[in-house]
Amino acid sequence: MAGSRPRVWVSQPLFDDIVGQLAAHCDVDAVAEVTEHDPAAIAAALREADGALVTLNERIGAQELAGAPRLRAIANVGVGYNNLDIPALDAAGIVATNTPEVLSETTADLGFALLMAAARRITESERWLREGRWKQWSFSTMLGADIHGSTLGILGMGRIGQGIARRGHHGFGMKVLYHNRSRLPETVERRVGARYVDFDTLLAQADHLVLVLPYSPASHHLIDAAALAKMKPTATLVNVARGGLVDEPALADVLAHGRLAAAGLDVYEGEPAVRPELLALRNVVLTPHIGSASLATRRAMVQLAVDNLLAALGVGPRAGHPAN
Ligand code: DGY
């Protein structure tokens, strides 16, 4: 019926064939090019919208919602939703959804890839070779740390953490320790081959520590100078969660002074800006937030977000994944 179709804003170009499904039920205002939207632009885009499909680039809180009386649903294309101010959305009666599950294995793959690249100095070796510095095979070139048989520490034991644990335990014979808000049922611990320990034990015993916990004010800079000082100087730190979990200057300092062997980072506190201290280090592998970036997974995320949005607006066939 003309006039009764919800109006939705799609904040970035995603997959046209999937986003196109919205048009069967909604009037769609889709941004055609990758765009950095400032708060005023987001507020303007939401003004007439009943729903929105957004990415982690769009920060939405009370200010952006103030002039959006019709807005009922925001579908975030991502599992992390720290870009959304959930209390502000709740107060405005707006449903928020995210895309869990579909990206867990792909993100676990990237976590493991960063761990291996950092511990075995793969990107550093490649840069060195391309610079023409390989003159002769030698016993002491690019000595790194073993993955197999070492102790893997996992901070945050949701689906991505469990995927990393399985890879470490079943694939590489690692001893896997984890710390999480709550302990997993023993059946799950046995299945993924992981043992629960307290935070300090995790820091002290891990040869490789992977961060996969959600970011919130409570986990802000959880890995600070004090936490880093508790880690082995031979250890590797990997972050595929959110940059704000790590005090980056403190991390750069321990990496620069041999108090931590290596790091693999996919996320940054001020992304897309990366601190010059980190860029200058040879013993850190840096990727541009590509944890879920396989074609199949990114398509699955967009499909789930579209389904969630339609369901939340009450015009689609499937159930949603409310984040609030
Ligand atoms: C997420 O889903 O939270 C990822 O970081 C985006 O790829």
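Residues numbered from 1 in each chain as written. Predicted model: local features only at pLDDT ≥ 70, side-chain atom pairs only at ≥ 80, totals over all residues.

(A) How the structure looks around the sheet that holds strand β5 (residues 95-97). Strand order in the open sheet formed by 5 strands is β2-β1-β3-β4-β5, and the pairing between neighbours is parallel. Of all the strands in the sheet, just β2 (27-30) and β5 have a single pairing partner and so form its edges. Each strand of the sheet is rotated relative to its neighbour by a mean of 15 degrees, with strand direction disregarded. Sheet strands touched by helix α13 (residues 295-312): β1 (7-10), β3 (51-54), β4 (73-76) and β5. Its angle to β4, the strand with the most contacts, is close to 170 degrees. (Pairing = 2+ DSSP bridges. Helix = DSSP H or I, 4+ residues; strand = E, 2+ residues; numbered from the N terminus. Axes fitted to C-alpha atoms, helices over the stretch in contact; angles between N-to-C directions. Contact = placed C-beta atoms within 7 Å.)

(B) Region of interest: the environment of P276. Note that P276 resides in helix α12 (residues 276-279). On the basis of neighbour count, P276 is assigned to the exposed category, with 9 C-beta atoms found within 10 Å. For the pair formed by P276 and G61, sequence separation is 215 residues and the distance between their alpha carbons is 30 Å. (Buried ≥ 20, exposed ≤ 12 C-beta atoms within 10 Å, placed from the backbone.)

(C) Focus on the sheet that holds strand β11 (residues 262-265). Sheet architecture is open: 7 strands sit in the order β8-β7-β6-β9-β10-β11-β12, paired in parallel fashion. Among the strands making up the open sheet, the edge pair consists of β8 (194-196) and β12 (284-286). Each neighbouring strand pair of the sheet contributes to a mean axis angle of 20 degrees, computed without reference to strand direction. Two elements, strand β6 (residues 151-155) and strand β7 (residues 175-179), share 5 bridges in a ladder whose sense is parallel. If you follow I154 over to β7, its bridge partner there is Y178.

(D) How the structure looks around the nonpolar core. Of all hydrophobic cores here, the largest spans 53 residues; its most connected members are A118, I154, L211, V212 and A263. The dominant element in this core, judged by the number of residues it contributes, is helix α5 (residues 104-119), at 8 residues. Listed in part, the 41 residues of the second largest apolar core include V8, V54, M301 and A312. (Core = buried A, V, L, I, M, F, W, Y, C linked by C-beta atoms within 7 Å.)

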